[in-house]
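Per-entry structural report
Spelled out, the chains give:
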Amino acid sequence: MLIVNQILTPTLQSTRLSGPHRVLAVDKARSIAWCIPLPQSQKNGRRKGYVLGPRAFALDALESALSQDELRVARFTPPGHWLMSDEDYVDEITDESERLRRRDRLKKRDRRWAMIKPIIEQLEGGCFRHSLIRKLVLEQAGVQHVSAPTVYRTLHVYWANGSTLNGLFPESHRCGAKGQQRRQYQRRQSRLPHQNSATTKAPFFLSQRDKDRLALGYTLISPKRTPQKAYTETCIAFWSSMTIDELGGKHVKLLPPDQRPTPRHFRYWGAKTTGSSARAVRLGLGRRAAATHRGGSARDLAAAVGQVAMFDATSADVYLTSMRSRLEKLPPMTRSLVMDVRSTAYMGVYCGWDHPSPRTGLRTIYCAATNKVELCKRFDITIGEDDWPGMLFRVYLVDNGELKAASVTEAEQQVGFGMEFARTYHGSSKGTVETQHRTDHKKVDHQLAGTTHGKRRERGMPHPADDALLNYWEYMRELLLWILEYNQQEVKHLAPTAMLNAGVRPTRINVFKWLRDHGQRADIPCDLDQLRALTLPEWRAVIQYNGIVVKSPDGNRNLGDLRFFCEELRGDPRFVRASTERKVLPASVRFEPENIAELWLPSSRGLLRVANVVSDREAMRLDTVADMEHRYVLDAPVRRQRAIEQEQNEVDTALRRDAITIQAARELQAEIQAAKKKPSKTSQRKNLRRNAIREQELVEKIHHPGPSRSTSSTSPIQSSSPTGDSAAENAVDAFLGGL
C-alpha cells in the first residue's frame, strides 16, 4: 500500500520508473498516484539544479510492482541542517563570516517559499494536473517578477525534498570542496602582478612532496627553536644548494624565492599537515577522517486515526515529596495529554512543574509521535514496541493559549502538522478530553496521599501537603500504569465492524492499531530527529573541554552534577575549539529536565544524542532537575556555614604558620648569638647531603628509639663545630631526654 512521502526505487528488472521517485498524493477514487523524481546527480557528483515535474501513475500498477519486487521502498535521510531550527543553524558556527552566509541562505529560502506558497495552498487537494499548475505558475511568475522556469524549478525541488521548508535551502554550502585540499598547478600567468615584469617571477606552487617536507620541518619547532629558525633549517635541508671551496669549506645558498616556499607557506601547511592523522596519511596507514471545532460530536471530527488529536493540560491535584527526603514537599505538577479523537486512546503525556507553555505542548506532541518503550522503562514498566505506538497527527485541537507562539509556528511549517484553536471559554469544544480529565483525577490523583481533591484550601482546613508521601518517580509510575489500563478498556461503539467480525478485542489501543494497519490513517510521515529538534525544549548549556554541562533553569550557574559526552561530540567544531583552546562556549541543546540521562545537540551532522557520564544509574532513573534545584535551595545555609568555616580555617592556618615562622626565627637568632663566631651563609649551605643523612638518623631515632640510650655506642648527634655543644644540640638533648 502506497503512503504519501514514500520513496520508490526501481530494481534492475523494473521498467516502471526511471529512478527514485517520491509519492506526492494517492487518489484512490481515480486509482492514480502522483509521483515526482528525486534530484539527480551529474557524473562529477554535483546535484542537478532542476527536477522534473510530477507525473501520474496507475495505482494498481505501482502496487503490483511493489508486490513483485520491481519497486522497493527506500529510506530518505534528510541532511543534518534540515533538522535544525533557524537559530540553531546560525549559532552552530562561531565564525562570523560563515554566520552571515548562513543568514543569507535563510533569506534565500524564505524568498523561495514566498514565491511558491500561494501555489501550494491552492493545490492542497492533491491534484497535480499540468494545466492547473502552469496557470498558477504563470500568475506567480508575474507577481514575483521572475521567469516561469524559476517558479517551476523551486516548486519541483520543494515537492521532491518531501514538502519540507528547509528543502528549499540553496546548495551553496557545498561549494568550495570543503575538507579537501585544492590542487595547485604550475600554470602560466597572463599578466604578472607587479609593474616591473622583467624582474618579477611567478610564485612558487607547492606539490604534495613539498607539503610533506614542510610538515617535517614544522615538527622542529620547540621552546628552544623558534618558527623562523625551523623554517630556515627546513629550507637549508630541502631548498638549497651546497658548494665546496678550495679549502674544503662548505657554503650553503638558498634557492631563488620562486623555487622555494615562503614563511607563510611554512606556517600554513606545516600546521595543517602536522598531527597523528596527517602523519598516518603520509605513511599510508589510513585516510584522514575526513495547523475551531464548533458543535457536534467529537467523533465527527475524524474518520481515521492520525487526522485530529485533542491536546489539553490540567493540574495533577497531588502534592509530592522530594527524591531526597520525604520531609521536603513539592506542589502539584501540570499534566498535558494528547488524545486521538477517533479511538479516544491516550497517545502522549507530559508531567512537570512548568506552567503550560509552548515548550510543554511541543514535548507532549513529541511524546505522542514516538513509542513509549523507553518512557515506561524509566519507571520500571515493560511494554512491547507496539503496545503504545506513536503517531504525528495532522491537526491538533488546542486551547487559545499555550500553543500560540513562534516556536510552534516554526514546527508547523517545518513538519507539516497544524493547530486548530477551540473557542475561548467553551470547554465543550474539546469535551472528550475535558471529561476524561475528571475521570483521571478520580482514578489516580484523588486516591493518592496528598491530594487536593480538586478544591482550593480554605482557611482553617488542613493543608494537603502535610499528607504528601509519594515522589515524582512513584507518581509517574502510577499514572503510566493507569494510562495503559485506560487504553485497554473496551469501546465497542468505536470499533469497525470488520474488526469485531475478526474477533479482535475492541480496546482503545486495538481500535487505533486496526485502523492504522488497514489504511484508515491520515497522519503525517516525519523524521523523528527533525521532530525531536523542533519539539524538545531548548536548554542553555556550555561546551567545555570535557563535554557539555547544562545550566540551571535561570541560566546563572552550571549544574556540575550533569555532564554529558559521546564520541560523536569529538567531531563538533565547537567542542574542538573548546578542547584545544580550553574555552567555555555557550550552546543551546535539547534537554528534558525530567530525564537527566541524555540530551540532544543540534549540529550540521544531525541531532547528536549525548549521554550523561557523571550521574549514577539510580540518579538518572529517579532524579530530575527540579529535585536538584530544590536540594540546592535547601542546602544554601549549609553552603554558607561551610564557606564561613573554610574562611576561618584559612585564617587559622595563616596565623599558625606565622607563629611557627616567628618562633623559628627567634630560635635561629638565639643560636647565632650563642655561637662564639657568627656563621656565614656559605658555611650554613655546606654539607647539605651529610646534614640530611644525620637528620634522617635523628628522625628514625626519635620515632624508633633503641633499647637504651645510655648504652648506645654512637650518639645520633655529632657536634658540627669543634668548639663544643651549641644551643641547638642542647635543645635536642633535652627533647630526647624527655622521651
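The notes below deal with the structure included here. Keep in mind that this is a model prediction, so the values were computed, not measured.

Describing the overall build of the protein
Counting secondary structure elements, the protein contains 24 helices and 20 strands. For the protein, the proportion of its 739 residues judged to be buried stands at 40%. When the accessible surface of the protein is summed, it comes to about 42,600 Å², and 51% of that surface belongs to carbon and sulfur atoms.

Considerations on the pattern of salt bridges
As enumerated under the stated definition, the model contains 27 salt bridges in all. Salt-bridge contacts for Asp104 lead to Lys108; the nearest nitrogen and oxygen are separated by 3.5 Å. Taken together, the residues span about one helical turn, with Asp104 and Lys108 both in helix H3 (residues 96-122) at a distance of four residues. Residue class for Asp104 comes out partly exposed when judged on its relative accessible area of 34%.

Observations concerning helix H14 (residues 472-487)
Taking 1.5 Å of rise per residue, 16 residues should cover 22 Å, and H14 covers 22 Å from first to last C-alpha, within 8% of that figure. If you check which residues of H14 are buried, you get Tyr472, Trp473, Tyr475, Met476, Leu479, Leu480, Trp482, Ile483, Leu484, Tyr486 and Asn487. Structurally, the start of H14 carries an N-cap: the backbone nitrogen of Trp473 is 3.3 Å from a side-chain oxygen of Asn471.

Let's talk about a nonpolar patch on the surface
A contiguous nonpolar surface patch, about 350 Å² in accessible area, is contributed by Ile236, Met242, Val252 and Leu254. Mapped onto the elements, Leu254 comes out in strand E7 (residues 250-254).

Section: the environment of Gly390
Considering the arrangement of structural elements, one finds Gly390 in the loop between helix H11 (373-377) and strand E13 (395-398). As a C-alpha pair, Gly390 and Met347 span 43 residues in sequence and 6.5 Å in three-dimensional space. Not counting chain neighbours up to four residues away, the residues in contact with Gly390 comprise Met347, Ala368, Ala369, Thr370, Asn371 and Lys372.

Here's the deal with the side chain of Thr344
Residue placement: Thr344 occurs in the loop between strand E11 (334-340) and strand E12 (346-352). At a separation of 2.8 Å, a polar atom in the side chain of Thr344 contacts the side chain of Arg508. Residues contacting Thr344, with those up to four places away along its chain left out, are Met339, Thr432, Tyr486, Leu494 and Arg508.

With respect to the nonpolar core
The biggest cluster of nonpolar side chains holds 37 residues, and the ones touching the most others in it are Val338, Met347, Leu392, Phe393, Tyr396, Phe417 and Met419. Listing elements by their share of this core, those giving two or more residues are strand E8 (308-315), helix H10 (358-369), E13, helix H12 (406-415), helix H16 (508-517) and helix H17 (528-535). For this core, the leading source of residues is H10, giving five residues. Built from parts of two domains, this core gets at least three residues from each of domain 4 (304-453 + 465-518) and domain 5 (536-631).

A look at the packing of H12 against H17
Following both chains from N to C, one finds H12 and H17 inclined at 165°, their axes separated by 10 Å at the closest point. Classified by the angle between their axes, H12 and H17 sit roughly antiparallel to one another. Where H12 crosses over H17, the handedness of that crossing is right-handed. Residue-level contacts link Glu410, Ala411, Gln414 and Val415 of H12 to Gln530, Leu531 and Leu534 of H17. Its residues assigned to classes, the contact of H12 with H17 shows four nonpolar, two polar and one charged.

Remarks on the packing of aromatic side chains
Counted under the stated rule, the structure contains 19 aromatic pairs. With centroids separated by 5.8 Å and ring planes inclined at 55°, the aromatic side chains of Trp34 and Phe128 adopt a geometry described as tilted. Taken together, the residues span a long stretch of sequence, with Trp34 in strand E3 (residues 32-37) and Phe128 in the loop between H3 and helix H4 (130-144) at a distance of 94 residues. A relative accessible area of 8% places Trp34 in the buried class. Taking the relative accessible area as the measure of exposure, Phe128 reaches 8% and is therefore buried. Ring geometry for Trp353 versus Tyr472: centroids 5.9 Å apart, planes at 40°, classification tilted. Of the two residues, Trp353 is situated in the loop between E12 and H10 and Tyr472 in helix H14; the sequence distance between them amounts to 119 residues. Judged by its relative accessible area of 22%, Trp353 falls in the partly exposed class.

Some remarks on the sheet that holds strand E1 (residues 7-10)
The pairing of strands in a sheet comes from backbone hydrogen bonds and takes either a parallel or an antiparallel form. With respect to topology, five strands assemble into an open sheet ordered E4-E3-E2-E1-E5, the strand pairing being antiparallel. Of all strands in the sheet, those with a lone pairing partner are strand E4 (55-58) and strand E5 (71-74), marking the two edges. Averaged over all adjacent pairs, the angle separating strand axes in this sheet is 45°, with direction ignored. Here E1 runs beside strand E2 (residues 21-27); their pairing, made up of two bridges, is antiparallel. What sits directly across from Ile7, in E2, is Arg22. Helix H5 (residues 148-160) contacts E2 and E3 of the sheet and is inclined by roughly 110° relative to E3.

Concerning the side chain of Thr11
Tracing the chain through its elements places Thr11 in the loop between E1 and E2. For Thr11, a relative accessible area of 17% translates into the label buried. A polar side-chain atom of Thr11 sits 3.2 Å from the main-chain carbonyl oxygen of Asp69. Side-chain polar atoms of Thr11 contact the backbone oxygen of Glu70, separated by 3.0 Å.

Side note on the packing of H3 against H5
For any two helices packed against each other, one specifies the crossing angle of their axes together with the interaxial distance. Following both chains from N to C, one finds H3 and H5 inclined at 80°, their axes separated by 10 Å at the closest point. Taken as axis vectors, H3 and H5 run roughly perpendicular relative to one another. Facing H3, whose interface residues are Arg112, Trp113, Met115, Ile116, Ile119 and Ile120, H5 presents Thr150, Val151, Thr154, Leu155, Tyr158 and Trp159. Broken down by class, the residue content of the contact of H3 with H5 amounts to nine nonpolar, two polar and one charged.

Observations regarding the pairing of E13
Where burial is concerned, the two faces of E13 agree: the one with Val395 and Leu397 and the one with Tyr396 and Val398 are both buried. Inspection of the sheet shows E8 paired to E13 by three bridges, in the parallel sense. Counterpart to Val308 in the pairing with E13 is Val395. Where E13 lies against strand E14 (residues 418-421), four bridges are found, and the strand directions are parallel. Its bridge partner being in E14, Val398 is matched across the sheet by Phe421. A crossover connection joins E13 to the parallel E14 through H12; in handedness this β-α-β unit is right-handed.

Some details on the sheet that holds E12
Reading across the sheet, the five strands line up as E12-E11-E8-E13-E14 and stay open at both edges, with mixed pairing between neighbours. Edge positions in the sheet fall to E12 and E14, since each has one partner strand and no second. Strand-to-strand twist of the sheet, defined as the mean angle between neighbouring strand axes without regard to direction, takes the value 20°. Bridge count for E11 against E12 is six bridges, and the pairing is antiparallel. Residue pairing across strands places Thr334 opposite Gly352, the latter belonging to E12. Taken strand by strand, helix H13 (residues 431-443) contacts E8, E11 and E12, and its axis lies near 40° from that of E8. Seen against the sheet, H14 touches E11 and E12 and runs at an angle of roughly 165° to E12.

Quick notes on the rules
Residues numbered from 1 in each chain as written. Predicted model: local features only at pLDDT ≥ 70, side-chain atom pairs only at ≥ 80, totals over all residues. Heavy atoms only, no water. Helix = DSSP H or I, 4+ residues; strand = E, 2+ residues; numbered from the N terminus. Buried < 20%, exposed > 50% of the residue type's maximum accessible area, 1.4 Å probe, protein only. Areas by Shrake-Rupley, 256 points an atom, 1.4 Å probe, with all protein chains shown as cover. Salt bridge = Lys/Arg side-chain N within 4 Å of Asp/Glu carboxyl O. Expected span 1.5 Å × (residues − 1). Polar contact = N/O pair within 3.5 Å; in protein donor to acceptor, adjacent residues only side chain to side chain. Patch = residues over 30% accessible without salt bridge, like charges linked within 9 Å, V, L, I, M, F, W, Y side chains within 5 Å. Contact = heavy atoms within 4.5 Å. Core = buried A, V, L, I, M, F, W, Y, C linked by side-chain atoms within 4.5 Å. Domains from an automatic or database assignment. Axes fitted to C-alpha atoms, helices over the stretch in contact; angles between N-to-C directions. Parallel < 35°, antiparallel > 145°, perpendicular 65-115°, else oblique. Left-handed = near helix turned anticlockwise from the far one by under 90°. Nonpolar A, V, L, I, M, F, W, Y, C, P; charged D, E, K, R; others polar. Phe/Tyr/Trp six-rings, centres within 6.5 Å; stacked < 30°, edge-to-face > 60°. Pairing = 2+ DSSP bridges. Right-handed = clockwise from strand over helix to strand, strands pointing away.

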